[in-house]
Protein chains: 2
Amino acid sequence: MGRPTIADIAQRVGVSKGAVSFALNGRPGVSEATRARILEAAREMNWRPHSAARALGGARADAVGLVIARPASTLGVEPFFAHLLSGLQARLSEQQVAMHLLVVEDAEAEIAVYREWTSAHRVDGFILIDPKVRDPRFAALKELGVPAVVLGGSGGHASLSSVWADDREAMLSVVDYLAALGHRRIAHVAGLPGLRHTQRRMRALRDSVRRLGLVEAVSLPTDFSDAEGAAATRTLLSRGRPSAIVYDSDVMALAGLGVAMEMGVRVPGELSIVAFDDSVLTRVTHPSITSLSRDTVALGGQVAEVMLEVIADPGARRDVKTATPRLVVRRSTAPPGD
Amino acid sequence: MGRPTIADIAQRVGVSKGAVSFALNGRPGVSEATRARILEAAREMNWRPHSAARALGGARADAVGLVIARPASTLGVEPFFAHLLSGLQARLSEQQVAMHLLVVEDAEAEIAVYREWTSAHRVDGFILIDPKVRDPRFAALKELGVPAVVLGGSGGHASLSSVWADDREAMLSVVDYLAALGHRRIAHVAGLPGLRHTQRRMRALRDSVRRLGLVEAVSLPTDFSDAEGAAATRTLLSRGRPSAIVYDSDVMALAGLGVAMEMGVRVPGELSIVAFDDSVLTRVTHPSITSLSRDTVALGGQVAEVMLEVIADPGARRDVKTATPRLVVRRSTAPPGD
């Protein structure tokens, strides 16, 4: 057996990994008797904390780094980020762990920040978002040897831990549903084309053409903004006129609904609309919007949980598949020409 | 100018921040000639790496603390927070200053975190939000002697710097407009009653009763959630039935619009709706919602600017009044019984 992990200690003592983490970090949350048993087992198993800071007698930074290489405005426009932060903090704040948040220009700057914060012990680990098709950040973090969790995208992350959803399966469930309603001309207003999950969704639509006998299946990439979501919708409704549009975010779906109203296209009579990501936005519009619902707040909590586990036990590697987003049907979808 | 940053060196040499970071960290990725120019500029500008600077004491943490004593879910539900963070980061990231973010339970825990982060040099200053009528945080921060900026509420902050808007004036502009349309029964679905700005808005409505000859002017406090916004609306529409409702946030206004639809109350025919805070939410609903528009992203930028000034010059005290929110009239308001 290699270096013992927190899981090994938990198994040996017969308690949860969380209890072991609390005990080893000298935090409240376990009884004194349990703490003593855990510390005894850790000694017997020759367990040692990994962090250099701790080895040098330093303490945890009690902070997790989140470096975002998107325009700062994205934080305000995309409910996804607010929900993610909310879920992350809900879990992290239970252990008084802060988020150390910085917006940067590109992946290169992001990597520079990883190096700087790691060497200055600013954070105990990093949460990576927006994994790309070819992503230099994985190797950089691996080299730094700092705990990290990738949100989105599975496998192949140079053995970094990850939390991900099955975007292909989610997209197929939407396309299947629309095809079952009778739609044959389906458009997709997509997000940033360099992102893995955008690619997965676009491919899932393309792969459905023959299987479902679609006449039209086009994906228009955008920057996720409401402005580009609206522009893409105008383009689509001015040309081939799909009978259904799937949007990669709720904000873009709302913008699309606004454009349909502006152009006198009835929803769902003449156009069905489906949103990826479900927020208060999709429920209070008129008509309410059929959405792929995932609990982004809960997702943030899961990512935080894995982050805390990997910080407590840097030898661990977790690969957590979250629930596939579920289609919640509301008033914005109907058979074509209904 | 404070301690030179990597961005300053990048600008001076005319290369990317990433290139400067690579050169200063002795990593491959830049040519030897560029590396020499960067190192020369760094020497001339007296640049010091974080670790060395920190060892010498008095160095910057290059981070600003934001401790939020509201449920973590608020971050996800209120577009205000996402917009504020977005504006803060847009300005702070220009100087590579991170946000150090933590959600806590109450003001007491908040003050404990201020003490801990200050003594551990985790941050260079704090941004306070949600100033309350009696607020123990002001004296605590004053005592710590750490740079701080209060967002909201003016004056009396034990000489802390502040950035604030005239909430009374904003509320009066809404009530004047509704009265001019002919409304005499105006309700107000308010935010948390302990907050200064909630109190100011409630008082502004009460003070308008005689002046404008209102028959009804009631404020119902809530926790800012869409759920309580909806519940307050049901209460109002089941009883005295105001002809206009002013909501203290856009999310609550949307929830209120949903309740009106559910109860068969026509907006704006039978009920006018006005929102405080303008976001994409109010523009894409049907009908679109008349709103007090303030640019929360710009507000975040102003707060960040003042924060950076006070960090650079801890003796300074700034008191910045921002533009009063402006009423943007859309489709949700009309004369009563129209």
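Everything numeric here is computed off the predicted structure, so don't read it as measured data.

A.B. asks: Even after reading the chapter, I still don't get the pattern of salt bridges, so can you show me in this structure?
C.D. replies: Residues and elements named next belong to chain B. According to the stated counting rule, one finds 28 salt bridges over all chains in the structure shown. Aspartate 130 is the salt-bridge partner of arginine 70, the closest N and O atoms lying 2.6 Å from each other. Placement of the pair is arginine 70 in the loop between strand S1 (63-68) and helix H5 (72-77) and aspartate 130 in the loop between strand S3 (125-128) and helix H8 (136-144), with a sequence separation of 60 residues. According to the relative accessible area criterion, arginine 70 is buried, its value standing at 8%. Between arginine 91 and glutamate 305 there is a salt bridge, and its shortest N-O distance comes to 2.5 Å. Remark: glutamate 305 occurs in helix H14 (residues 296-312) and arginine 91 occurs in helix H6 (residues 79-92); sequence separation between them is 214 residues.

A.B. asks: It is not clear to me how the packing of aromatic side chains should be interpreted in this structure. Could you clarify?
C.D. replies: Think of a pair of aromatic rings as described by two things: how far the centres are apart, and how the planes are tilted against each other in angle. Residues and elements named next belong to chain A. Throughout the structure, instances matching the rule amount to six aromatic pairs over all chains. Between tryptophan 117 and phenylalanine 126 the ring centres are 6.3 Å apart and the planes differ by 15 degrees, which places this aromatic pair in the stacked class. Both residues of the pair, tryptophan 117 and phenylalanine 126, count as buried. Three or more aromatic residues joined by ring pairs make a cluster, and in this case those are Tyr114, Trp117 and Phe126. Here arginine 201 stacks its cationic end above the ring of phenylalanine 276, 3.5 Å away from the centre of that ring.

A.B. asks: Help me understand the pairing of strand S1 (residues 63-68) of chain A in this model?
C.D. replies: All names here are of chain A. With six of six residues buried, S1 is to be regarded as a mostly interior element. Neither face of S1 is left uncovered, since the one carrying Ala63, Gly65 and Val67 and the one carrying Val64, Leu66 and Ile68 both have all their residues buried. Across six bridges, S1 lies against strand S2 (residues 98-103) in parallel orientation. The partner of glycine 65 across the bridge, within S2, is histidine 100.

A.B. asks: What should I look at first to understand the environment of arginine 283 of chain B in this one?
C.D. replies: All names here are of chain B. You can see arginine 283 is positioned in helix H13 (residues 280-284). For arginine 283, a relative accessible area of 44% translates into the label partly exposed. Separated by 48 residues in sequence, arginine 283 and arginine 331 place their C-alpha atoms 9.6 Å apart. Discounting chain neighbours no more than four positions away, the residues touching arginine 283 are Asp278, Ser288 and Arg330.

A.B. asks: Help me out: how do you make sense of the interface of chain B and chain A in this one?
C.D. replies: The accessible area lost on association of the parts is a frequent measure of interface size. Residue-level contacts link 43 residues of chain B with 41 residues of chain A. Buried surface at the junction of chain B and chain A, both sides included, amounts to about 3,700 Å², of which 62% is carbon and sulfur. Applying the counting rule to chain B against chain A returns zero salt bridges. Our count for the contact surface shared by chain B and chain A stands at 10 residue pairs in polar contact (both at pLDDT 80 or more). Taken together, the elements giving at least two residues each to the side of chain B that touches chain A come down to helix H2 (17-24), helix H4 (50-55), H5, H6, strand S2 (98-103), helix H7 (107-119), helix H12 (250-262) and H13 of chain B. Class assignment for the residues of the side of chain B that touches chain A results in 23 nonpolar, 13 polar and seven charged. Of the pairings in the sheet, the one linking S2 of chain A to S2 of chain B comprises three bridges and is antiparallel in character.

A.B. asks: Quick question: what am I supposed to make of the environment of threonine 333 of chain A here?
C.D. replies: All names here are of chain A. As for its placement among the helices and strands, threonine 333 is situated in the segment after strand S12 (326-328). Classification of threonine 333 by relative accessible area gives buried; the value is 9%. Each C-alpha atom, one on threonine 333 and one on isoleucine 245, is 9.8 Å from the other, the two residues being 88 residues apart in sequence. Once you skip the residues sitting within four places of it in the chain, threonine 333 turns out to touch Tyr177, Leu178, Leu181, Pro268, Ser272, Ile273, Val274 and Thr290. At 3.1 Å, the side chain of threonine 333 forms a polar contact with the side chain of tyrosine 177. Within the structure, threonine 333 has its side chain in polar contact with the side chain of threonine 290 (distance 2.7 Å).

A.B. asks: Can you walk me through the domain arrangement of chain A in this structure?
C.D. replies: Here chain A is partitioned into domain 1 (6-48), domain 2 (63-165 + 296-321) and domain 3 (167-293). The distance between the C-alpha centroids of domain 1 of chain A and domain 3 of chain A comes to 49 Å.

A.B. asks: Would you take a moment to explain unusual backbone geometry for this structure?
C.D. replies: Glycine aside, the phi torsion of most residues is negative, and most peptide linkages are trans. Along the chain, valine 267 of chain A connects to proline 268 of chain A via a cis peptide bond; the corresponding omega equals 10 degrees. Structurally, proline 268 of chain A can be placed in the loop between helix H12 (250-262) and strand S9 (272-276). Even without a glycine there, the phi angle at aspartate 62 of chain B is positive, about 55 degrees. Examined against the element boundaries, aspartate 62 of chain B turns out to sit in the loop between H4 and S1. The exposure class of aspartate 62 of chain B is buried, given its relative accessible area of 15%. Positive phi, close to 80 degrees, is recorded for phenylalanine 224 of chain B, a residue that is not glycine. With respect to the helices and strands, the residue phenylalanine 224 of chain B is situated in the loop between strand S7 (216-220) and helix H11 (226-238). Phenylalanine 224 of chain B sits in the buried class, given a relative accessible area of 5%.

A.B. asks: How do you make sense of the packing of H6 of chain B against H14 of chain B when you look at a structure like this?
C.D. replies: Axes are the key here: two packed helices are described by the angle between their axes and the distance separating the axes. Residues and elements named next belong to chain B. Running from N to C, H6 and H14 cross one another at 45 degrees; their axes reach a closest spacing of 7 Å. The orientation of H6 with respect to H14, classified from their angle, is oblique. Crossing geometry of H6 relative to H14 is assigned as right-handed. Across the interface between the two elements, Phe80, His83, Leu84, Ser86, Gly87, Leu88, Arg91 and Leu92 of H6 pack against Thr296, Val297, Leu299, Gly300, Gly301, Val303, Ala304, Glu305 and Leu308 of H14. Tallied by class, the residues present in the contact of H6 with H14 amount to nine nonpolar, six polar and two charged.

A.B. asks: What is the right way to look at the sheet that holds strand S4 (residues 148-151) of chain A in this model?
C.D. replies: Through backbone hydrogen bonds, the strands of a sheet pair up, either in parallel or in antiparallel fashion. On the basis of which strands lie adjacent, the open sheet formed by 12 strands has the order S11(A)-S5(A)-S4(A)-S3(A)-S1(A)-S2(A)-S2(B)-S1(B)-S3(B)-S4(B)-S5(B)-S11(B) and mixed pairing. The open sheet has two edge strands, strand S11 (319-321) of chain A together with strand S11 (319-321) of chain B, and neither has a second partner. Ignoring which end each strand starts from, the neighbouring axes of this sheet average 20 degrees apart. In the packing of helix H7 (residues 107-119) of chain A onto the sheet, contacts are made with S1, S2 and strand S3 (125-128) of chain A together with S2 of chain B, and the angle to S1 of chain A comes to roughly 165 degrees. Taken strand by strand, H7 of chain B contacts S2 of chain A together with S1, S2 and S3 of chain B, and its axis lies near 165 degrees from that of S1 of chain B.

A.B. asks: Looking at this structure, how should I read the pairing of S9 of chain A?
C.D. replies: Residues and elements named next belong to chain A. Burial of S9 is extensive: five of the five residues sit out of reach of the surface. In the sheet, strand S8 (residues 244-247) pairs with S9 via four bridges, with the strands oriented parallel. Residue pairing for S9: alanine 244 is matched across the bridge by serine 272. Following the backbone out of S8, through H12 and into the adjacent parallel S9, one traces a crossover that is right-handed. Of the strand pairs in this sheet, S9 and strand S10 (residues 290-293) are connected by three bridges, and their pairing is parallel. When the bridges of S10 are listed, phenylalanine 276 appears paired with leucine 292.

A.B. asks: Would you mind showing me how to read the sheet that holds strand S8 (residues 244-247) of chain B here?
C.D. replies: Residues and elements named next belong to chain B. Strand order in the open sheet made by the six strands is S7-S6-S8-S9-S10-S12, with mixed pairing throughout. Two strands close off the open sheet at either side, each with one partner strand: S7 and strand S12 (326-328). Direction aside, the axes of adjacent strands within the sheet are offset by 20 degrees on average. As paired strands, strand S10 (residues 290-293) and S12 are joined by three bridges and run antiparallel to one another. Bridge pairing in S12 links serine 291 to valine 328. Contacting strand S6 (185-189), S7 and strand S9 (272-276), helix H10 (residues 196-212) runs over the sheet at an angle of about 170 degrees to S7. Contacts from H12 reach S6, S8 and S9, with the element oriented near 160 degrees to S9.

Each value, and the rule that gives it
- Residues numbered from 1 in each chain as written.
- Chains lettered and ligands numbered in written order.
- Predicted model: local features only at pLDDT ≥ 70, side-chain atom pairs only at ≥ 80, totals over all residues.
- Heavy atoms only, no water.
- Salt bridge = Lys/Arg side-chain N within 4 Å of Asp/Glu carboxyl O.
- Helix = DSSP H or I, 4+ residues; strand = E, 2+ residues; numbered from the N terminus.
- Buried < 20%, exposed > 50% of the residue type's maximum accessible area, 1.4 Å probe, protein only.
- Phe/Tyr/Trp six-rings, centres within 6.5 Å; stacked < 30°, edge-to-face > 60°.
- Lys NZ or Arg CZ within 6 Å of the ring centre and 35° of its normal.
- Pairing = 2+ DSSP bridges.
- Contact = heavy atoms within 4.5 Å.
- Buried area = accessible area lost by both parts, 1.4 Å probe.
- Polar contact = N/O pair within 3.5 Å; in protein donor to acceptor, adjacent residues only side chain to side chain.
- Nonpolar A, V, L, I, M, F, W, Y, C, P; charged D, E, K, R; others polar.
- Domains from an automatic or database assignment.
- Axes fitted to C-alpha atoms, helices over the stretch in contact; angles between N-to-C directions.
- Parallel < 35°, antiparallel > 145°, perpendicular 65-115°, else oblique.
- Left-handed = near helix turned anticlockwise from the far one by under 90°.
- Right-handed = clockwise from strand over helix to strand, strands pointing away.

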